[in-house]
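Coordinate analysis (summary)
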Amino acid sequence: MLVPALLVLLFCLRGCAGLSPYFLQQPEDLVVLLGDEARLPCTLGAYWGLVQWTKDGLALGGERDLPGWSRYWISGNAASGQHDLHIRPVEIEDQASYECQATQAGLRSRRAQLHVLVPPEAPQVLGGPFVSLVAGVPANVTCRSRGDARPTPDLLWFRDGVRLDGATFRQTLLKEGTTGSVESILSLTPSSHDDGAILVCRARSQALPAGKDTAITLSLQYPPVVTLSAEPQTVQEGEKVTFLCQATAQPPVTGYRWAKGGSSVLGARGPMLEVVADASFLTAPVSCEVSNAVGSANRSTALDVRFGPILQAKPKPLSVDVGEDASFSCVWRGNPLPRVTWTRRGDAQVLASGPTLRLLAVGPEDAGDYVCRAGPGLSGLRGGAAEARLTVNAAPVVTALHSAPAFLRGPARLQCLVFASPAPEAVVWSWDEGFLTAGSRGRFLVETFPAPEGRGGQGPGLISVLHISGTQESDFSRGFNCTARNRLGEGGTQVRLGRRDLLPAVRIVAGVAAVAMTLLMAVTGVALCCWRHGKGSSNGSSSRGPEEETGSSKDQGPIVHTDHSDLALDEEGALETKDPTNGYYKVRGVSVSLSLGEAPGGGLFLPPSSPLGPPGTPTFYDFKTHVGIVPPCRLYRAKAGYLTTPHPQAFTSYIKPTSFGPPDLAPSTPPFPYAAFPTPSHPRLQTHV
């Protein structure tokens, strides 16, 4: 009670003296951390009365120790007018508006706002401390700060000390309006390189400028990262190549798949593949696909395969009219790229280089086969060639073929060879009084046959044959025209018929007849000799010589029987007679025949030589093989020799063919299919006593 009384007394004395109370120092706004001490100053002058503090208008009391407020007190020298308010430790509820009042003087200080700062707690990262992400897949990482931090903290992201941008800030309020929590969401698309990376979320505010950190480690799940290599990368065709497929993955690899040009390689499952290189590997790369639980990835590589030329586009045959242009093309591929040249078959001259050959205003001489040739390239690599035929359409080319001479009133045949592209519309034979294209007319018959292939590009060939039945004198003096035509024109040639005389054939026949007669007489004499010898032996005249026996037999006439039975032809072609005496006399008879043809006019017709073969082909039957048979007679003299028996039907008639056949172009075959010479029947000579 004494102190207030003194203060009142002092106030009265000063009032009497004329001094008014005033503030020497007023409280100001203060920011203080939670748990620290807050001091609000208040100093009065010329006032010794009661001083009190209010909190948000509520009086705390006038005592210095402020009973009822355990953490509050007033300090300072009251006599000097110092009345500072202390709060320790500061709590959140201490945040308020404070005022210093001189109640007896009616003075109030300005309001001082006490701000209590609450530092943030360490933030929390959802899913930490190891956050599992999938590489290549966008993801959000959330950092959250809870509690009554004042002011609201900032949440920042750092990696390796570098702040990361792109975070989204979000704040949640409580019902009372206070801050409930704050979140920061970091959006990122991680890669496999982010596996094991450390991210830091920092909560920072005015209450804690240094902030508090929370670190997390990224655990990346990612599909395989593949590397594919080939050894060797450059290889010759046919050599072995090894492909190696390496991969890193989280979680681990579960499988491998190999493909070539998009098609699976059957049986290949591991990280290694061995193949034999060929040309296809240059354009069809090999790929390796590796899989795990997250996904798959693949890599591919192409080999540098060295190989020789391979034909991709073959040149096509051409058929053009004379005077037009012709163009061939062919495509080769190879590694290295082959050099392409064009030549004509049979000629080494290079006509062009490159994939195209162009011939301007072609003529018949340009017809033929053209070769597109690809060089072998590197040493040891093969080359290649492809051909195409150029057919030049032009007027027919007609050539006369060799025709055998003919006998008067005998058959004849004339031939011509026709090459034409396009094929001839008709082949016409013409002479003085007429013409014939096909079929027969009077003595004339026309047949057409395909000809052997001519020079390349000449077009298809034909042989036209004009048959003449029963030639006349006028046929040998006039020409026969063979003409062919197509849409581009016509061509022709003249064929003349040669004549063969009968005189050589008559001479040959006469000579053969004389020889046959001589042989007949000789054989008859030998037979008589044998007969006489046999008779003398039967009378016991063994002392007489052969000459005597022969002379004494003049009066005895032998009995000769002739039998015209056929001779048997053995396997070796020899003619052997059958002995009716069963070997008693063992007389062997031999005959020789010559078969000749008979011309329609009554003369002998000898088959001509082949129309296409060289002249001089033999036309007579060779009978020499049937001469030289040793007689079995005991009186045969080695020095005298022997003669064979002529056949009375040694000359047979020519059998006229019933039809004409196609021409035979072999040099040894006659132009007409004449009937084979018939085997004549031979008489058998029998002598007996």
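See above for the structure.
Let us look at the structure shown here. (Residues numbered from 1 in each chain as written. Predicted model: local features only at pLDDT ≥ 70, side-chain atom pairs only at ≥ 80, totals over all residues. Heavy atoms only, no water.)

So, on to the pattern of salt bridges. Within the structure shown, the criterion is met by 22 salt bridges. Salt-bridge contacts for Arg-108 lead to Glu-99; the nearest nitrogen and oxygen are separated by 3.8 Å. One continuous salt-bridge network, built from bridges that share partners, spans Lys-55, Arg-71, Glu-91, Glu-93 and Asp-94. (Salt bridge = Lys/Arg side-chain N within 4 Å of Asp/Glu carboxyl O.)

This next bit is on the sheet that holds strand S8 (residues 84-87). Sheets are built from strands paired through backbone hydrogen bonds, the pairs being either parallel or antiparallel. The strand order across the open sheet formed by three strands is S3-S8-S7, and the pairing between neighbours is antiparallel. Strands with a single pairing partner mark the edges of an open sheet, and in this sheet they are strand S3 (38-40) and strand S7 (72-75). Each neighbouring strand pair of the sheet contributes to a mean axis angle of 25°, computed without reference to strand direction. In terms of strand pairing, S7 meets S8 through four bridges, oriented antiparallel. Bridge pairing in S8 links Tyr-72 to Ile-87. (Pairing = 2+ DSSP bridges. Helix = DSSP H or I, 4+ residues; strand = E, 2+ residues; numbered from the N terminus. Axes fitted to C-alpha atoms, helices over the stretch in contact; angles between N-to-C directions.)

Within the open sheet, the four strands sit side by side as S24-S23-S26-S27. Their pairing is antiparallel. In the strand order of this sheet, the two ends are held by strand S24 (263-264) and strand S27 (296-301), each with one partner. Relative to strand S26 (residues 286-291), strand S23 (residues 255-260) runs antiparallel, the two sharing six bridges. Following the sheet pairing, Ala-259 is matched in S26 by Ser-287.

Looking down a regular strand, the side chains alternate between one sheet face and the other. In this sheet, S24 lies alongside S23 in antiparallel orientation, the contact comprising two bridges. Of the residues in S24, the one forming a bridge with Ala-259 is Ser-264. Once S23 ends, the chain turns through two residues before running back antiparallel as S24, passing Gly-261 with a positive phi of about 60°.

Right, let's get into the side chain of Ser-75. Note that Ser-75 resides in strand S7. Within the structure, the side chain of Ser-75 is placed 2.4 Å from the side chain of His-86, a separation counted as a polar contact. Those residues in contact with Ser-75 that lie beyond four places of it in its chain are Arg-64, Gln-82, His-83, Asp-84 and His-86. (Polar contact = N/O pair within 3.5 Å; in protein donor to acceptor, adjacent residues only side chain to side chain. Contact = heavy atoms within 4.5 Å.)

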